[in-house]
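Summary of structural features
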Amino acid sequence: MYSKDQASQLKQAFWTAFGQYMGAVLSAEGLRTNWINYKTGVKHIYFRMQADNKKASIAIEIAHPDAELQELFFEQFATYKAMLHSTLGEEWQWQLHSTDEYGKIVSRIYTELSPASIFQQEDWPKLISFFKPRIIALDEFWNDVKVAFEA
């Protein structure tokens, strides 16, 4: 088991390595991008990559504080479901109104990799291979549909 400090250092080392690995990859618009803290440019819509000692996940997270507006965003994504899955090359799970680790109501469109541990450096290539094509595909998808969510 790792101390809180060791766990934090390992996570930071992984995300730093991932950021360096992705540094040369340009966005769908041909711009430099902070892939780890991807900015969708639309309030309450986030692209989240997470990893712990059991699994990794990548998600579109809708965190609007108004549950009805959150559901509207979710339904809007559903209209682009075929396009999203086509761009990703796989189908993701759709979850309306669940709670995040802070007890906040969120809706998520996500996929997971299990087993995988951010604390095992031998898993890092597997984690990078999981995150990289999916965050690039999300960027490509978002580049095509973002304008529909800005209104």
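Quick summary incoming for the structure in this document. (Residues numbered from 1 in each chain as written. Predicted model: local features only at pLDDT ≥ 70, side-chain atom pairs only at ≥ 80, totals over all residues. Heavy atoms only, no water.)

1. Quick word on the side chain of Ser-107
The criterion, for reference: Under the scheme used here, helices are H or I runs from DSSP no shorter than 4 residues and strands are E runs no shorter than 2 residues, and both carry numbers assigned from the N terminus. Exposed residues in this analysis have more than 50% of their type's maximum accessible area, buried residues have under 20%, and partly exposed residues fall in between, with area computed by a 1.4 Å probe over protein chains only. Whenever a nitrogen or oxygen atom comes within 3.5 Å of another N or O atom, the pair is scored as a polar contact, on the condition that within protein one atom can donate a hydrogen and the other can accept it, and that pairs from neighbouring residues in sequence are kept only if both atoms are in side chains. Whether two residues are in contact is decided by their heavy atoms, any of which lying within 4.5 Å being enough.
Inspection of the secondary structure assignment puts Ser-107 in strand β4 (residues 105-113). Residue Ser-107 is classed as buried on the basis of its relative accessible area of 0%. At 2.8 Å, the side chain of Ser-107 forms a polar contact with the side chain of Gln-70. Polar side-chain contacts of Ser-107 include one of 3.0 Å to the backbone nitrogen of His-97. Excluding residues that lie within four positions of it along the chain, Ser-107 makes contacts with Ile-60, Glu-61, Ile-62, Gln-70, Phe-74, Gln-95, Leu-96 and His-97.

2. A look at the packing of helix α3 (residues 81-88) against helix α4 (residues 124-150)
Quick reminder of the rule: Note on geometry: axes are C-alpha line fits, over the in-contact stretch for helices, and angles between N-to-C directions span 0 to 180 degrees. By definition, turning the near helix anticlockwise from the far helix through less than a right angle yields a left-handed crossing, and turning it clockwise yields a right-handed one.
The contact between α3 and α4 brings their axes to 9 Å, and the two run at 145 degrees. With respect to the hand of their crossing, α3 and α4 are arranged in right-handed fashion. Taken together, the residues of α4 that come into contact with α3 (itself represented by Met-83, Leu-84, Thr-87 and Leu-88) are Arg-134, Ala-137, Leu-138, Glu-140, Phe-141, Asp-144 and Val-145.

3. Quick notes on the sheet that holds strand β3 (residues 93-99)
Our working definition: Two strands qualify as a pair provided DSSP detects at least 2 bridges between them.
In spatial order, the strands read β1-β2-β4-β3; together these four strands make up an open sheet with antiparallel pairing. The sheet is open, and its two borders are formed by β1 (45-51) and β3, each paired with just one other strand. Neighbour to neighbour, the strand axes of the sheet diverge by 30 degrees on average, direction disregarded.

4. A word on the packing of aromatic side chains
Selection criterion: Only the six-membered ring of Trp is used, alongside the rings of Phe and Tyr, when aromatic pairs are assigned; centres must lie within 6.5 Å, and planes under 30 degrees apart are stacked while those over 60 apart are edge-to-face, with the rest tilted. Only lysine NZ and arginine CZ atoms are considered, and such an atom sits over a ring when it is within 6 Å of the ring centre and within 35 degrees of the ring normal.
Taken as a whole, this structure holds 18 aromatic pairs when the rule is applied. With 6.3 Å between their ring centres and 20 degrees between their planes, Phe-73 and Phe-149 make a pair best called stacked. A residue pair is termed long-range when its members are at least 10 positions apart, and Phe-73 in helix α2 (residues 67-79) and Phe-149 in helix α4 qualify at 76 residues. Given the relative accessible area of 14%, Phe-73 is considered buried. The class of Phe-149 is buried, set by a relative accessible area of 3%. With a centroid separation of 5.3 Å and an interplanar angle of 40 degrees, the aromatic rings of Trp-142 and Phe-149 are classed as tilted. Taken together, the ring pairs in this structure connect Trp-35, Tyr-38, Phe-47, Phe-73, Phe-77, Tyr-80, Phe-141, Trp-142 and Phe-149 into an aromatic cluster. Above the plane of the ring of Tyr-110 lies Arg-108, whose end atom (NZ or CZ) is 4.6 Å from the centre.

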